[in-house]
Amino acid sequence: MSSLSATIQDVFNEPGCGKNANKSEAERKKGCTKQLQPGGAAGGCAFDGAKIALQPLTDVAHLVHGPIACEGNSWDNRGAKSSGSNLWRTGFTTDINETDVVFGGEKRLYKSIKEIIEKYDPPAVFVYQTCVPAMIGDDIDAVCKAAREKFGKPVIPVNSPGFVGPKNLGNKLAGEALLQHVIGTEEPDYTTPYDLNIIGEYNLSGELWQVKPLLDEIGIRVLSCISGDGKYREVAYSHRAKAAMMVCSKAMINVARKMEERYGIPFFEGSFYGIEDTSDSLREIARLLIERGAPSDLMDRTEAVIAREEARAWAAIAKFKPRFEGKKVLLITGGVKSWSVVAALQEAGLELVGTSVKKSTKEDKERIKELMGQDAHMIEDMTPREMYKMLKDARADIMLSGGRSQFIALKASMPWLDINQERHHAYMGYVGMVKLVEEIDKALYNPVWAQVRKPAPWEDPSTNWQSKAIAAAEAEAAALAADPVKAEEVRRAKKICNCKSVELGVIEDAILANGLTTVEGVREHTNASGGCGACAIRIDEILELMAPVAPPIAAE
Amino acid sequence: MATVTVGKKACSVNPLKMSQPIGGALAFMGLRGAMPLLHGSQGCTSFGLVLFTRHFKEAIPMQTTAMSEVATVLGGYENVEQAILNIYKRAKPEIIGICSTGVTETKGDDVDGYIRQIRAKHSDVANLPIVYVSTPDFKDAFQDGWGKTVAKIVEALVEAPKNTSRRDATRVNVLPGSHLTPGDLDELRTIIEDFGLEPTFLPDLSGSLDGHIPDDFTPTTIGGVGVEEVAAMGQAGWTIAIGEQMRLAAEAMKDKTGIPYRLFERLCGLEPNDAFIAFLSEISGRPAPMKYRRQRGQLVDAMLDGHFHIGGRKVAIGAEPDLLHDVGGLLTEMGAHILVAVTTTQSPILERIATDDVLIGDLEDLENLARERGCDLLVTHSHGRQGAARLKIPFFRIGIPMFDRLGGGHQLTVGYRGGRDLIFDISNLLMADHEENHEPTPESWRGGVESLHTASH
């Protein structure tokens, strides 16, 4: 475990990561494990995160070393697409039993690797560590090394057992595994001045293919995509690219940054969601490649494609704009892509009434704020009832969110569109943006909503659950309005820091009592923001609101 | 009849099996106002949550003790304590159901001890029903987790009657196995009520995961059987258990309350339902309602119509023991041959399946054996889709998870009507396959007698 904790420390020190940059040295050492709250946590573990990041590598056998839960409950559930091998969709697991737990699972792991190589002959086997074998001390690094030597094939240990932290950490640990064992181990047949890496793109629903034809046309070669529709060898020789684009907010920033450091590959953070974002990204790719020695006419070709594609996309979207006038969207996403989706929706003429920023980093939030203006209504922890009320109050006509929150919208008989990993449609690039707009239109104007909202013959609309939910919410609001003391209590009881369970009132008191002006100060006095650090932005806002007015000068 | 063998491979490929903690969690979801809590790292819960969400297409209540690396080493008391307090505060549940996982079983957390300490320390939760089940991931399978959990609920929540003579003969406890869908439970409820009996289902997924529109938003389960109704199950005259996996729970009920039970190994097909209806007639003292006499006729007719398509089929079936026995039984009785049977865990029922051997294995085994033995119908859960595509044979989905088709929660196998519909669905699939892939051509029989056993049927 010592090498694993060293890797985790290294990830926490990632200078490119906004969250970590906000923390003090001592807190970084503590790591992200503190942020998980028993009984109040949702979301995947570090193993899940590692698997999500690497599983789109299509020709690799992904072997999960652990009990049946880790693979048996979750395999083949990702929407990534492959243009070639489907081996990545085969579920491999050691499915360790009680005997393995007692005597160790290394032998079973080694035999499993052997069976996979004999039966499936993949270019590489990725071995994922999970909690139970990590606890009993199975040394997967050693087993992988032995298997590599014996079978003459790359066998890559991915050390990211679930209990070391959340999904985000797992994304980065997966990146570390690639950096340590894969990238730079092979050479491409040839290189060109137009070789590009795309990092953090998973080709969900095949959306990479909405952009790749444009790159092909411009003459840019995707040397390696990490990891969507990727092949092992492409990742192994990705260190020969001239430039890189990092697509998914922060998931694999360590890969992009370390490849810049080690191999001199400059990268930028871009998005293919939304028309302008796509154009900007294409320009930036061309600019970086030209900087690295590609002929400058690359930019002319890029601009020509951008001009043509933008014109076509705008023309296609224009006919929806009148239909979208005055329509409001409630956007709830897991976070990583929220800022790019915001831009896309606004391009279509939709108005945003809120966006959840649970998992976003500080930078993401700033971007959302910038895009949405100062009035952005940031929804941090909406309860289902509040969410329903918001939809019901016609402050939103449609909800866009991830698979798991859809049921609230659907049960509230409100149009809903899936924009997270499990979705069926691809929304990237110019064509994807037009597709997204078409889907929103389809959802908004589907007559089914009018049907399903009709009361049942025996139903009294004044006593149905919708009215009850609204009434309950209103009663609560009224009770608070009538009782200022209680209202203040509720206001002060708002949880600001989830990790350390620190309430607003405690923070306000500390600020007043000690004249605090910085997040660090608040942290010292209240422990708030002492966990994952995500609430630093909320504390910043509180500090702003409470900024001391100049003390009155005592009159003589 | 069948020999049961355990696969010899080190590596499980394309798992058929799911873990027992989530089987336990699903059982808790059949209780009203419940919050299932997995004592493990947060992925243990999140994978289960996604799986059930994709299957039922419903919001799923499930929480985690979010064990970190350090906590697993030091023991999870604090995590269990915090989780219970947080859930109590946020979700106001009527019951919290805790299942252990591989992570916490490896360390050997004494969760029952923790719960006692937590109750003693926090008066808020001193009387909150909390049921704990030991369900390590590295042992057994989904249906075992379900069975153990129901048995634990019975032990913990059912009240022994003070006076056995005051039993209510019209009340019947129903302990359904995890292979029954919410739709199945609805069907059983109707049948039992039609005999003038009053059933209590434990667990009752028909109330909680049947896709109905809830009356209010709660983070816990909506619907399901209430804790006080479970307590009152001790007053019933009979217990009906469905599936061998429920024997443990039925025995627990009998031990605690003295209520006799009748275990129905299957409720799919003609004979099992004849036995079921006869039993209901006997305990209720009422003749079978006309409705079921007609439904029986419809099932018989469906069997006659369907046997042309199902008869002689070479079936490869992969399912948990009780579901395998149940649906496999109907297919066998329709003249199909089960040439390949793969399952997840040991069960006494396996020996009675009408096939030569039952393998405790995975979907790779199912696929390879189906190919080897020339099967022409694949029956398993949605994860069979890749294998079916490679085998190029018709694929009928049964069981959990069913994430790539709608209506998994309403698929009916019980009752005369369930059998009838199942026969229609499978026959229609086979007819469509015949039209698409096996229409005769001028070349079909060119090879003479030999050609009968090659390409087409």
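Residues numbered from 1 in each chain as written. Chains lettered and ligands numbered in written order. Predicted model: local features only at pLDDT ≥ 70, side-chain atom pairs only at ≥ 80, totals over all residues. Heavy atoms only, no water.

J.: Give me the packing of helix H14 (residues 275-291) of chain A against helix H15 (residues 297-318) of chain A: which residues, what numbers.
T.: All names here are of chain A. Direction vectors running N to C along H14 and H15 enclose 175°, while the axes themselves pass 10 Å from each other. Of the possible angle classes, the one that applies to H14 and H15 is roughly antiparallel. Only Leu298, Met299, Thr302, Glu303, Ile306, Glu310, Ala313, Trp314 and Ile317 of H15 make contact with H14, whose side of the interface consists of Ile275, Glu276, Ser279, Leu282, Arg283, Ala286, Arg287, Leu289 and Ile290. When the residues that make up the contact of H14 with H15 are grouped by side-chain class, the tally is eleven nonpolar, two polar and five charged. (Axes fitted to C-alpha atoms, helices over the stretch in contact; angles between N-to-C directions. Helix = DSSP H or I, 4+ residues; strand = E, 2+ residues; numbered from the N terminus. Parallel < 35°, antiparallel > 145°, perpendicular 65-115°, else oblique. Contact = heavy atoms within 4.5 Å. Nonpolar A, V, L, I, M, F, W, Y, C, P; charged D, E, K, R; others polar.)

J.: Report on the pairing of strand E13 (residues 357-360) of chain B, specifying residues and quantitative values.
T.: Residues and elements named next belong to chain B. Examined bridge by bridge, strand E1 (residues 3-6) and E13 share four bridges and lie parallel to one another. Of the residues in E13, the one forming a bridge with valine 6 is isoleucine 360. Both strand E12 (residues 337-343) and E13 contribute to a ladder of three bridges, which runs parallel. Residue pairing in the sheet places valine 342 in a bridge with leucine 359 of E13. (Pairing = 2+ DSSP bridges.)

J.: Outline the domain arrangement of chain B, supporting the account with residue identities and numerical values.
T.: Residues and elements named next belong to chain B. Examined at the domain level, chain B breaks down into domain 1 (17-154), domain 2 (164-207 + 217-293) and domain 3 (304-437). Summarising the inter-unit geometry, the C-alpha centres of domain 2 and domain 3 are found 26 Å apart. Listed by partner, the interface residues are 23 residues for domain 2 and 24 residues for domain 3. Across the domain 2 to domain 3 interface the summed buried area is about 2100 Å²; carbon plus sulfur atoms make up 54%. (Domains from an automatic or database assignment. Buried area = accessible area lost by both parts, 1.4 Å probe.)

J.: Provide a residue-level description of the interface of chain B and chain A, including the pertinent values.
T.: At the junction of the two partners, chain B supplies 58 residues and chain A supplies 63 residues. A combined buried area of about 5300 Å² lies between chain B and chain A, and 59% of that area is made up of carbon and sulfur atoms. Scanning the region where chain B abuts chain A turns up three salt bridges. Between Asp76(A) and Arg385(B) there is a salt bridge, with the nearest N and O atoms lying 3.1 Å from each other. Summed over the shared surface of chain B and chain A, the number is 22 residue pairs in polar contact (both at pLDDT 80 or more). Residue assignment for the side of chain B that touches chain A shows that the elements contributing at least two residues are strand E2 (12-13), helix H2 (42-56), strand E4 (63-64), helix H3 (69-74), helix H4 (77-91), helix H5 (102-107), helix H15 (363-372) and helix H16 (385-391) of chain B. It is H2(B) that provides the largest number of residues to the side of chain B that touches chain A, a total of nine residues. The residue inventory of the side of chain B that touches chain A, partitioned by class, reads 22 nonpolar, 22 polar and 14 charged. Looking at chain direction, strand E2 (residues 92-93) of chain A and E2(B) are connected through two bridges and run antiparallel. (Salt bridge = Lys/Arg side-chain N within 4 Å of Asp/Glu carboxyl O. Polar contact = N/O pair within 3.5 Å; in protein donor to acceptor, adjacent residues only side chain to side chain.)

J.: Before we move on, can you summarise unusual backbone geometry with the specific residues and values?
T.: Put simply, Ile226(A) and Ser227(A) share a cis peptide bond, and its omega is 10°. Here Ser227(A) is to be found in strand E6 (residues 221-227). Note that the residue after Ile400(B), namely Pro401(B), is joined by a cis bond; omega there is 0°. By the secondary structure assignment, Pro401(B) is in the loop between strand E15 (395-397) and helix H17 (415-437).

J.: Tell me about the confidence of the model for chain B, and please be specific about residues and values.
T.: Scored by pLDDT, chain B comes out at a mean of 94, with 97% of its residues at no less than 70. As scored by the predictor, the complex reaches a pTM of 0.89 and an ipTM of 0.94. (pLDDT = per-residue confidence, 0-100.)

J.: Describe the sheet that holds strand E5 (residues 195-201) of chain A, naming the residues involved and giving the relevant values.
T.: Residue and element names in this part refer to chain A. Spatial strand order, E6-E5-E7-E8: four strands in an open sheet with parallel pairing. The strands lining the two open edges of the sheet, one partner per strand, are E6 and strand E8 (267-269). Ignoring strand direction, the axes of neighbouring strands in this sheet form an average angle of 20°. Sheet topology places E5 next to strand E7 (residues 243-246); four bridges connect them, and they run parallel.

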